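Notes for the structure review
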Amino acid sequence: MTVHFIGAGPGAADLITLRGMRLLASCSVCLYPGSLTPAELLGHCPEGAKLLDTAELTLDEICAELVAAHESGMDVARLCSGDPSIYSAVAEQMRRLDAAGVSYDVTPGVPAFAAAAAELKRELTVPAVAQSLVITRAQARSTAMPPGEDLASLAATGATLALHLAVNRIEKVVEELLPHYGADCPVAVVAMASQPGQIVLRGTLGDIAGMTRKAGISKAAMIFVGTVLAATNFPDSFLYSAARERRR
């Protein structure tokens, strides 16, 4: 039997992959993050499936459920918000499953930053403006950031930033970024991307904190920082250039 780690996407029920949907329909047990999983998504589970909300469970309790299902001969769907490759605690669960001799696989999903960029109608890698994207988070009541990955150090690169788990500390984020990007640097905040109640704010480092507080945004939000958010005067990509030699 197998544990299937499945990227559930950013929240909209139709932003799960076809593979993820098929796996959900084949598993008699499904563990899901309750606060970010729409009921329509769980509707893909087979009738009579055991559904467990992991919102109030510890890591060990979650893994105990995965192992127990495996030992009972049942395939398990473990839904992860967004994509399992970032901020999903999948690594800790895999480590425990390895120790228990439980097999697993991973199905990717639409990450929150991609869904938010889509709502902004923005490409984050624009020719001659920005070709690098730093995906990171802010430090608060969570695991400490590794050395060299503090916000100021990352901002020194000048790359476009995509910040998870940072909206509750937006004033501190602005304070750390201002010396590197300047007050007029474009910023966007997208809360609940793809979900009912979605909010999109566009501003600058100089005014985004006030805009965010006024909008009452306190969770499930992405913050983007960088000139790419307002780029209009840039060259066409070489990929489709008429000057590029092509084989026909």
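We now turn to the structure provided with this report. Fair warning: this is a prediction, and the values are worked out from it, not measured in the lab. (Residues numbered from 1 in each chain as written. Predicted model: local features only at pLDDT ≥ 70, side-chain atom pairs only at ≥ 80, totals over all residues. Heavy atoms only, no water.)

Topic: the packing of aromatic side chains
Throughout the structure, instances matching the rule amount to one aromatic pair. Seen in terms of ring centroids, Phe5 and Tyr104 are 5.9 Å apart; in terms of plane orientation they differ by 75 degrees. Their pairing is edge-to-face. Here Tyr104 lies in strand S5 (residues 103-107) and Phe5 lies in strand S1 (residues 2-7), a separation of 99 residues in the sequence. (Phe/Tyr/Trp six-rings, centres within 6.5 Å; stacked < 30°, edge-to-face > 60°. Helix = DSSP H or I, 4+ residues; strand = E, 2+ residues; numbered from the N terminus.)

Regarding the pattern of salt bridges
Under the criterion given, the structure shown has four salt bridges. The salt bridge involving Lys50 is made with Glu65; its shortest N-O contact spans 3.4 Å. Residue Lys50 is located in strand S3 (residues 50-53), and its partner Glu65 is located in helix H3 (residues 59-71); the two are separated by 15 residues in the primary sequence. Given a relative accessible area of 42%, Lys50 falls into the partly exposed group. Owing to a relative accessible area of 27%, Glu65 belongs among the partly exposed residues under this scheme. (Salt bridge = Lys/Arg side-chain N within 4 Å of Asp/Glu carboxyl O. Buried < 20%, exposed > 50% of the residue type's maximum accessible area, 1.4 Å probe, protein only.)

Topic: unusual backbone geometry
In the Ramachandran plot, Tyr87 falls in the positive-phi region, its phi being about 50 degrees despite a non-glycine side chain. Taking the relative accessible area as the measure of exposure, Tyr87 reaches 42% and is therefore partly exposed. Unusually for a residue other than glycine, Lys121 sits at a positive phi of about 55 degrees. Relative to the helices and strands, Lys121 resides in the loop between helix H5 (112-120) and strand S6 (133-137). Here Lys121 falls in the exposed class, since its relative accessible area comes to 74%.

Quick notes on the sheet that holds strand S7 (residues 160-164)
Here five strands make up an open sheet; going across it, the order is S6-S7-S10-S8-S9 and the pairing mixed. Edge positions in the open sheet fall to S6 and strand S9 (199-204), since each of these has one partner strand only. Here the average twist between neighbouring strands, direction ignored, is 15 degrees. Pairing between strand S8 (residues 186-191) and S9: six bridges, direction antiparallel. Along S9, the bridge assignment pairs Pro186 with Thr204. Across the sheet, H5 lies against S6, S7, S8, S9 and strand S10 (221-225), angled at about 70 degrees from S10, the strand it touches most. Strands in contact with helix H8 (residues 208-215) are S8 and S9; relative to S9, the strand with the most contacts, it is inclined by about 155 degrees. (Pairing = 2+ DSSP bridges. Axes fitted to C-alpha atoms, helices over the stretch in contact; angles between N-to-C directions. Contact = heavy atoms within 4.5 Å.)

Re the nonpolar core
Leu177, Tyr181, Val189, Leu205, Ile223 and Val225 are the most contacted members of the largest nonpolar core, which totals 27 residues. Those elements that provide at least two residues to this core are helix H6 (151-155), S7, helix H7 (170-181), S8, H8 and S10. Ranked by the residues each element gives to this core, the list is headed by H7, at five residues. Counting 16 residues, the second-largest nonpolar core is a separate cluster that includes Phe113, Ala117, Leu120 and Phe224. (Core = buried A, V, L, I, M, F, W, Y, C linked by side-chain atoms within 4.5 Å.)

A look at the state of the cysteines
Per the stated rule, a full pass over the model turns up zero disulfides. Not engaged in a disulfide, the cysteine Cys27 finds its nearest cysteine sulfur in Cys30; these two sulfurs lie 7.7 Å apart. You can see Cys45 has no disulfide; the closest cysteine sulfur is in Cys30, sitting 4.1 Å from it. (Disulfide = S-S within 2.5 Å.)

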